[in-house]
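Geometric and topological summary
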Amino acid sequence: MTRSWSPTARRATAALLGWAAVAATALPAGSPPRVAVTAAFVLAGPGAAALLGRPTIARAAGPDRWAAAVLVLALSLALAVLTAVGLMLGGVFSARTALLVLAAVSTLLAVLPDRPGPVRAWRGARPRPARPRPALPGPDSPHTDRPRSDSGPRAPRARPRAGGPGRVAGTLTAAALLVLVAACSGSGGGRSNTAGASGAGGGAPGTAATAAALPEGAPPLPSSDAPWHLAFDDRFTAAGLDRSKWTTCYDWNDHGCTNAGNGEDQWYQPGQVKAGGGLLTLTAQRRTAAGTDGRSHPWVSGMVSTGRDSWNAPPRHTFTYGYFAASIKVPADPHGFFPAFWLIPAEERGTPPEVDIAEFPNTDQYAHANLHWRAEDGSDQHVGQNRGPADFSAGFHVFAVDWQPDEVTWYVDGTPWFKVSDPGRIPDVAMELVINLAVGYLETPPSGTDSAALQVEWVQVWQH
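Within each chain, residues carry numbers counting from 1 in the order of the written sequence. pLDDT decides what is reported in this predicted model: residues at 70 or higher carry local features, side-chain atom pairs at 80 or more are listed and counted, and totals for whole chains, interfaces and linings draw on all residues regardless. Based on all heavy atoms of the structure, the side-chain values leave hydrogens and waters out of the count.

**Looking at the pairing of strand β12 (residues 397-404)**
With respect to burial, β12 is a largely interior element, eight of its eight residues being buried. Three exposure classes are used, based on accessible area relative to the maximum for each residue type with a 1.4 Å probe and protein chains only: buried under 20%, partly exposed in between, and exposed over 50%. The secondary structure listing takes helices from DSSP runs of H or I that are at least 4 residues long and strands from runs of E that are at least 2 residues long, numbered from the N terminus. Covered by surrounding structure in β12 are His397, Phe399, Val401 and Trp403 together with Val398, Ala400, Asp402 and Gln404, the residues of both alternating faces. Examined bridge by bridge, strand β7 (residues 322-329) and β12 share seven bridges and lie antiparallel to one another. Bridge assignment links Gly322 to a residue of β12, and that residue is Trp403. Judged from the six bridges that link them, β12 and strand β13 (residues 407-412) form a sheet pairing that is antiparallel. Bridge assignment links Asp402 to a residue of β13, and that residue is Thr409. Paired strands, as defined in this entry, are two strands with at least two bridges between them according to DSSP.

Written out as structure tokens, the structure is:
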């Protein structure tokens, strides 16, 4: 005899679907597999994990099956909305965080024991014979006017069913409270401001939640009517580079890479990237490296990107609009070196468009800001401005850009200094974040210079 799929297996599948949706966030935004898995889980996962353990739901058939499906859908959507609202009120909303909370709640609901109903025959137990009830006196009975006593027949008292409305309400209330607690506590990965918060904070500019999530000494976020939430944060406190956030090459990584379009001399290598103790260091060294591009490169150097490990791999993190900021110290001997903090398209794997947040081509006195776009004839057009003079190698400075659909504004240490408001020039595609130390762009390092280092204290991305 074929066994039906048990309610426990169905609930476990719903929980696993939640973790599959979390894993799918590593895929590019809008990709069909990511959309399909996420939609299936949000619409059915939490409700299925909560309700399929109930015999009245699990054994529904015919029209009752459609009613059960509607109940599962309604509960799933209610929990999803409650999670989103809780995370937004806590200032930590992101799609990944919301899916993590929902997956955790679904898993907890799935491992709860089955709630049996009053009928056991469906589990294989022997049905008990019906017991005759004593007849109540009828209107013609000579005893109808006799007061009832303990020895007389009584009307059967209704007993609450195990699967009644009270138990359902209790389950839904407990699930809702669990979601609220999880939502208000954030993503679970946050740390204090001094230890390097990750995934915490948010709210309107100037609120305590936002200020607590900013690194110590960081300038406030740009004023905005819409609340901010922290979408990306790395204080480099882990032992080594966090590979869930960064790769060490461009999308065309093949055991190293370079930017041949700029005629650069370096071959980027993972060994030139060091992270830990609250600092990221990219080091350029005069050392010959044979690149897989068929060239011999006189320098090796380091870079990090939120993009791909290889051409066909999914990017780690992409961003469409937001406030991008990093605390950076550029090399003291700038000649021959080209440090840059910038954004490049995730899908086209080439520019334009391009947002150069801060570039230092052969200089430590001027920060260059540039915005690139493609003209109708396909040519690369750009507009930019320089900030300086100032000794940007003497200490750390916060370079930032606020990229919004109708305006792009550049900042140095919290002070706006350049703005583009032409919508035709502003990119509207998902971008990867890049920090690199190029060598040999427009100028070769002097013969007596054999190394240089770019240091970064922290990187953050905030979005509305």
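Having put the structure on the table, let's press on.
**A short note on the confidence of the model for the chain**
pLDDT: the predictor's confidence for each residue, scored from 0 to 100. Across the chain, the average pLDDT comes to 80, with 72% of residues at 70 or higher. Within the model, pLDDT remains below 50 along residues 117-166, and this stretch shows 27 contacts once partners closer than five positions in the same chain are excluded. Low pLDDT, under 50, characterises residues 179-203; the predicted model gives this stretch 57 contacts beyond four residues in sequence or across chains. In what follows, a contact means two residues having at least one pair of non-hydrogen atoms within 4.5 Å.

**Section: the pairing of strand β1 (residues 229-234)**
Among the six residues that make up β1, five are buried, leaving the element largely enclosed by the rest of the structure. Bridge count between β1 and strand β16 (residues 451-463): five bridges; the pairing is antiparallel. Residue Phe232 lies in a different strand from β16, and its bridge partner there is Val461.

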